[in-house]
Amino acid sequence: MGVREAVMDVWQRVAGVDAAAAATGAGDRKTRMLPAVLTPYRAGRSGQDDLPKPTPVNLRRFAETPVVRRAINVVKDKVASMDWQVRVRRGYSTAEVENAQERLAILRRCLEEPNGADSFRVLWEQVIEDLLVGGFGAVEMEATGDPAQPFHLWAVDGATIQVDSRWQGDLSKPRYAQATGGIGADSQIALRDDELMYIRLNPRTHTPFGLGRLEVAFETVNQFLSAHRYAGRLASNSVVQYALWLNEATPEQHDRLIRWWQDEIEGTGRVPVLSSEKKPEVLRFAGGTDADLRLQWQEMLIRMIANAFELPPMLLGVASDVNRSTAAELADEAFQGAIVPVAKLIAEHITRDLFAKKLGWREFEFCFNELEGRDEASEAAIQKTLIEAGVLTVDEVRSMRGLPPLAATGVQQ
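I will try to describe carefully the structure that is included in this document. In this text, all values refer to a predicted model and were calculated from it rather than measured experimentally. Along each chain, the written sequence defines residue order, and numbers are assigned to residues from 1. Totals for whole chains, interfaces and linings use all residues, but because this is a predicted model, local features are given only for residues with pLDDT of at least 70 and pairs of side-chain atoms are given and counted only at 80 or more. Remark: hydrogens and water are excluded; side-chain values derive from all non-hydrogen atoms of the structure.

### Notes on the sheet that holds strand β3 (residues 136-146)
Here's step 1: Here, a strand pair is defined by DSSP locating no fewer than two bridges between the strands. What counts as a helix is a DSSP run of H or I of at least four residues, what counts as a strand is a run of E of at least two, and both are numbered from the N terminus. Ordered by their spatial adjacency, three strands build an open sheet running β4-β3-β8, and the pairing between neighbours is antiparallel. Across the chains shown, the open sheet's two edge strands, defined by having one partner strand only, are β4 (149-156) and β8 (196-200). For this sheet the average axis-to-axis angle between neighbouring strands, irrespective of direction, equals 25°.
Here's step 2: The sheet contact formed by β3 and β8 spans five bridges and is antiparallel. From the neighbouring strand, Gly137 faces β8, where its bridge partner is Ile199.
Here's step 3: Contacts are residue-level and defined by heavy atoms, with any inter-residue pair within 4.5 Å sufficient. Working convention: axes come from line fits to C-alpha atoms, limited for helices to the stretch in contact. Angles between N-to-C directions cover 0 to 180 degrees. Relative to β3, helix α5 (residues 120-134) is tilted by about 150°, and along the sheet it contacts β3, β4 and β8.

Following this line, the structure appears as structure tokens:
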């Protein structure tokens, strides 16, 4: 029996692929690609307790501003570009799992090429973006019936996903629905629990939705944009902060001076020459310094945005209180507090929703390789010490790094 036949036999017995699905377009996408182009969301159908996610338009508009974009990219780019692996789950051994290496190779290839258009990074960058913005990362999972490509994955606009709060765990009944913006029967697409991976950030008991980091910073971002726009108008002199006072001037002299200033001086760069019995006095409405730009207030708002994204202000451009002794510590804090939780949340959903629920392959798990330590030299030294102490074997360390056992490479330990 060849590898393809063996994997097909395991697939039919373990994953339980519905053979009839191949005749009905197995693996085809159900959800719409960009339903929010027409409408952000629609109300649920009568008889369903669907809850639409609020303010997706404002959240995504704020996500395109410089400070918020920097905060999102710090987390999104790091997680999406991490090295990752698919391995045998704890509690199982490679010898006990049937056709383990062949199935691991299939899972890795399918994750590297989740559909005909996206790569692993392109797919998960979209999902992480929605996860950080609104706490509603979503991926559609469809079985194909092909043992060599058992599933397809598509990123879904999480703002269009409605959650049935009355779902009680029945896998045959829809748990989610996508609002397509259509009319009538086409207004929603029902999805079962094993057809949609719905990732919630900061889950809570009083709502079926998560809480995105940008949602936490929503009011702060709004205040920062208002202060930034005001400072921009003030710096460009579109907001005048002073006035010219002429003592004992007649209305005719007043009007004549205004016309002369507008026609001959304003915008020309010429030096105005005034002759009068009493010199005009300039009345300032502000101090005429950088304090008028409210820069300290803007810096405080940037710090609040950084707190909402669980990042040190240093990564958003605030470096007033950073020195060489604290920079490395703040960078490690950002990695452990902002990046590691998101990466582990995604890895857990891939393991549970895709491998276990969709495929039935509970023997495998997905994990990122760079979560335990940011310093490669320190991590290598720790692993070397554990090998010498007999705590870990060489093959176990190679497994942590996503490498095959030495026996598979023909190298003697």
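### Focus on the layout of surface pockets
Here's step 1: Lining residues are those with an atom within 4 Å of a point, where the points come from a 1 Å grid over the protein atoms alone and group into cavities, where a 1.4 Å probe fits but cannot get out, or pockets, open sets with protein on both sides within 12 Å along at least five of seven lines. Grid points are joined across faces, edges and corners, and a volume is the space filled by probe spheres set on the points. The volume enclosed by the largest pocket comes to roughly 1,600 Å³.
Here's step 2: Gln85, Arg87, Cys367, Ser399 and Met400 are, among the 48 residues lining the largest pocket, the residues nearest its centre.
Here's step 3: Among the elements of the structure, β2 (84-88), α4 (100-112), α10 (324-359), β11 (364-368), α11 (376-388) and α12 (394-400) are those that each provide at least two residues to the lining of the largest pocket.
Here's step 4: Classification used: nonpolar for Ala, Val, Leu, Ile, Met, Phe, Trp, Tyr, Cys and Pro, charged for Asp, Glu, Lys and Arg, polar for all others including Gly. Across the lining of the largest pocket, the residue classes break down as 19 nonpolar, eleven polar and 18 charged.

### Considerations on the pattern of salt bridges
Here's step 1: Salt bridges are counted wherever a side-chain nitrogen of Lys or Arg sits within 4 Å of a carboxyl oxygen of Asp or Glu. For the structure on display, the rule yields 19 salt bridges.
Here's step 2: Between Glu363 and Arg103 there is a salt bridge; the shortest N-O distance is 3.5 Å. A residue pair is termed long-range when its members are at least 10 positions apart, and Glu363 in the loop between α10 and β11 and Arg103 in helix α4 qualify at 260 residues. Comparing Glu363 with Arg103, the two get one shared label, buried.
Here's step 3: For Asp353, the salt bridge identified is with Lys357, shortest N-O distance 3.6 Å. One end of the pair is Asp353 and the other is Lys357, both in helix α10 and four residues apart, which spans about a single turn.
Here's step 4: One network of salt bridges, with partners in common, ties together Arg175, Asp193, Arg352, Asp353 and Lys357. Buried means the residue's accessible area, taken with a 1.4 Å probe over protein chains only, is under 20% of the maximum for its type, while exposed means over 50%, and partly exposed covers the values in between.

### Here we look at the nonpolar core
Here's step 1: To form a nonpolar core, buried Ala, Val, Leu, Ile, Met, Phe, Trp, Tyr and Cys residues must be joined to one another through side-chain atoms within 4.5 Å. Leu111, Trp124, Phe355, Phe366 and Phe368 are the most contacted members of the largest nonpolar core, which totals 71 residues.
Here's step 2: The leading source of residues in this core is α10, at 14 residues.
Here's step 3: Apart from the residues within four sequence positions on either side, Phe368 is in contact with Val79, Met82, Asp83, Trp84, Phe120, Ala343 and Ala347.
Here's step 4: Of all hydrophobic cores here, the second largest spans twelve residues; its members include Ala138, Ile161, Tyr176 and Phe209.

Honestly, that's just the spatial picture; any functional story needs more than this.
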